[in-house]
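Analysis of the macromolecular model
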Amino acid sequence: MPTPTKGPRLGGSPSHQRLILANLAQNLFEHGKITTTEAKARRLRPYAEALITKAKTDTVANRRQVVKVIRDKSILHTLFTEIGPAMATRPGGYTRITKVAPRKGDNAPMAVIEIVEAKQFGAQNQTAKKAKTEKAAPVEEVETDVESEAPAEEVLETEAPVAEAEDAAEAPAEDDAK
């Protein structure tokens, strides 16, 4: 059992807090960004990011876990077809919280939480898994053109003595300075 939240909850009881977070997440996925109190935005961030992480891989199990929270089928479809695949290469940090001016009525600190734009990241630890039935294709050797490689080696050979000559010219000047 997870450790209960210490201090006052967002709405009073744990079940009410769960409903508030589910509604906030649903509105976030529907509109892309929402304005709410800073405390609700901070509680919503890990909650929404876990749902987006599940939406990155569209499996039946992930859909069933997300449908416990997001009850609207159109928003669920948007999450799994647009938001999840857009964040497929992103390793985390799908949301951004920006503080705005306090609320006029009660001076509560307000914040805007939004889904960040999809940005392509290099595959760090993401490797494609091979299917068990798939056989490895034979590796074909590609012939290299010997003539095209020779000039590149000649250029390197001609540059190396020049660099050594410059180093040799600088070395006596340093000895004279001492």
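Refer to the preceding data block for the structure.
Since the model is a prediction, treat every value here as computed from it, not as a measurement.

**Side note on the overall build of the protein**
Of the regular secondary structure elements, the protein holds five helices and three strands. The order of α-helices and β-strands along the protein, N terminus first, is α-β-α-α-α-β-β-α. The buried share of the protein, reckoned over its 178 residues, is 24%. Of the contacts made within the protein by residues no fewer than 6 positions apart, 58% connect residues no fewer than 24 positions apart. When the accessible area of the protein is evaluated, it comes to approximately 13300 Å², of which 54% is carbon and sulfur surface.

**Structural notes on the sheet that holds strand β2 (residues 95–100)**
Ordered by their spatial adjacency, three strands build an open sheet running β1-β3-β2, and the pairing between neighbours is antiparallel. Two strands close off the open sheet at either side, each with one partner strand: β1 (33–37) and β2. Averaged over all pairs of adjacent strands, the angle between their axes in this sheet comes to 25°, without regard to strand direction. Where β1 and strand β3 (residues 110–115) come together, five bridges link them in antiparallel fashion. In the strand pairing of β3, threonine 36 is matched with alanine 111. Against the sheet, helix α1 (residues 14–31) contacts β1, β2 and β3, and its axis sits at roughly 145° relative to β1.

**Observations regarding unusual backbone geometry**
Backbone geometry at asparagine 107 places phi at a positive 60°, although glycine is not the residue there. The topology assignment puts asparagine 107 in the loop between β2 and β3. Classification of asparagine 107 by relative accessible area gives exposed; the value is 56%.

**Here's the deal with the pattern of salt bridges**
This model, assessed by the stated rule, comprises seven salt bridges. The residue arginine 42 makes a salt bridge to glutamate 38 at a minimum N-O spacing of 2.8 Å. Taken together, the residues span about one helical turn, with arginine 42 and glutamate 38 both in helix α2 (residues 38–55) at a distance of four residues. The class of glutamate 38 is buried, set by a relative accessible area of 15%.

**Quick notes on the packing of helix α3 (residues 60–67) against helix α4 (residues 73–86)**
It is at 11 Å that the axes of α3 and α4 come closest, and there the two elements cross at 135°. By the angle between their directions, the pair α3 and α4 is classed as oblique. Regarding α3 and α4, the two cross each other, and that crossing is right-handed. From α3, Asn62, Arg63, Val66 and Val67 reach across to α4, where they touch Leu76, Leu79 and Phe80.

**Things to note about the packing of α1 against α4**
Following both chains from N to C, one finds α1 and α4 inclined at 55°, their axes separated by 10 Å at the closest point. Relative to α4, α1 is oriented oblique. Read as a crossing pair, α1 and α4 show a hand that is left-handed. Here Gln26, Phe29 and Glu30 of α1 come into contact with α4, specifically with Ile75, Leu79 and Ile83.

**Section: the side chain of glutamine 26**
Inspection of the secondary structure assignment puts glutamine 26 in helix α1. Ignoring anything within four residues of it in the chain, the contact list for glutamine 26 reads Ile70, Arg71, Asp72 and Ile75.

**With respect to α4**
Along its 14 residues, α4 runs 19 Å from first to last C-alpha, staying within 8% of the 20 Å computed at 1.5 Å per residue. For α4, the principal kink sits at leucine 79 and spans about 35°. Taken together, the buried positions of α4 are Ile75, Leu76, Leu79, Phe80, Ile83 and Gly84. Contacts from the buried residues of α4 go to α1, α2, α3 and β3.

The rules behind each value
- Residues numbered from 1 in each chain as written.
- Predicted model: local features only at pLDDT ≥ 70, side-chain atom pairs only at ≥ 80, totals over all residues.
- Heavy atoms only, no water.
- Helix = DSSP H or I, 4+ residues; strand = E, 2+ residues; numbered from the N terminus.
- Buried < 20%, exposed > 50% of the residue type's maximum accessible area, 1.4 Å probe, protein only.
- Contact = heavy atoms within 4.5 Å.
- Areas by Shrake-Rupley, 256 points an atom, 1.4 Å probe, with all protein chains shown as cover.
- Pairing = 2+ DSSP bridges.
- Axes fitted to C-alpha atoms, helices over the stretch in contact; angles between N-to-C directions.
- Salt bridge = Lys/Arg side-chain N within 4 Å of Asp/Glu carboxyl O.
- Parallel < 35°, antiparallel > 145°, perpendicular 65-115°, else oblique.
- Left-handed = near helix turned anticlockwise from the far one by under 90°.
- Expected span 1.5 Å × (residues − 1).
- Bend = angle between axes of the 7 residues up to and from the residue.

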